[in-house]
Amino acid sequence: MKKEMHCESCLMPIKTRDDLITVWAFFKVRPYHRSCYENSLKGAALFVGNQPINGFSGNFTAFVAFILAWIPLFTDVTWGLTVVCVFIVLMRLYSFIRFEKKLSL
Ligand SMILES: [Zn+2]
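Residues numbered from 1 in each chain as written. Predicted model: local features only at pLDDT ≥ 70, side-chain atom pairs only at ≥ 80, totals over all residues. Heavy atoms only, no water.

### Focus on the pairing of strand 1 (residues 20-25)
No. 1: Counting buried residues in strand 1 gives 5 out of 6 residues, a clear majority hidden from the surface.
No. 2: Pairing geometry for strand 1 and strand 2 (residues 28-33), over 6 bridges, is antiparallel. When the sheet's bridge partners are listed, isoleucine 21 is paired in strand 2 with tyrosine 32. (Buried < 20%, exposed > 50% of the residue type's maximum accessible area, 1.4 Å probe, protein only. Helix = DSSP H or I, 4+ residues; strand = E, 2+ residues; numbered from the N terminus. Pairing = 2+ DSSP bridges.)

Right, here's the structure in full:
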């Protein structure tokens, strides 16, 4: 049984993965339509404070974070970097498992 996913902005169901944008906002990963994200959230970026987690930019960010997370193992860089980077990677995985995996392409 597939549970429907609803956009946090307009509350309508999100049908395809292509139409889904996940955003970290107010300490939670939230699903939005691509159009709703562009219309309402981009302008409010100061309040929502984030880039989409999914899509190309999110994948790229998670990839870079994954690489950076190893740096403190080999250098004197603070472990805080690892903590932040691991968090970014986990958030990317969470978004995928919780939202993207459930939608068809
Ligand atoms: Zn919407």
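### Side note on the UniProt feature "transmembrane region" (unreviewed entry) in the protein chain
No. 1: According to UniProt, the positions carrying the feature "transmembrane region" (unreviewed entry) are residues 56-73 and 79-97.
No. 2: Structurally, residues 56-73 comprises 89% helix and 0% strand, and the distance from its first C-alpha atom to its last is 28 Å.
No. 3: The straight-line gap between the two end C-alpha atoms of residues 79-97 is 27 Å; of that span, 95% is helix and 0% is strand. (UniProt positions renumbered as here; feature names shortened; annotations may be inferred.)

### Considerations on the packing of aromatic side chains
No. 1: For the structure shown, the criterion picks out 3 aromatic pairs.
No. 2: Centroid distance tryptophan 24 to phenylalanine 87: 5.5 Å. Interplanar angle 85 degrees. Geometry classified as edge-to-face. Here the residue tryptophan 24 occupies a position in strand 1, and phenylalanine 87 occupies one in helix 5 (residues 80-98), the gap between them amounting to 63 residues.
No. 3: Judged by its relative accessible area of 43%, phenylalanine 87 is partly exposed. (Phe/Tyr/Trp six-rings, centres within 6.5 Å; stacked < 30°, edge-to-face > 60°.)

### Digging into helix 3 (residues 55-68)
Along an α-helix, a turn takes 3.6 residues, which lines up residues three or four apart on a common side.
No. 1: Taking 1.5 Å as the rise per residue, helix 3 with 14 residues should run 20 Å; its terminal C-alpha atoms sit 20 Å apart, in good agreement.
No. 2: Those residues of helix 3 lying buried are Gly58, Ala62 and Ala65. The buried side chains of helix 3 occupy one side of the element, clustering within an arc of 65 degrees when seen end-on. Along helix 3, exposed side chains directed more than 90 degrees from the buried face belong to Phe56 and Phe63. (Expected span 1.5 Å × (residues − 1). Arc of directions from axis to C-beta.)

### Things to note about the nonpolar core
No. 1: Core analysis: the largest hydrophobic core is formed by 15 residues, its most contacted members being Leu20 and Val23.
No. 2: Listing elements by their share of this core, those giving two or more residues are strand 1, strand 2 and helix 1 (34-41).
No. 3: Element by element, the count of residues in this core is highest for strand 1, at 4 residues. (Core = buried A, V, L, I, M, F, W, Y, C linked by side-chain atoms within 4.5 Å.)

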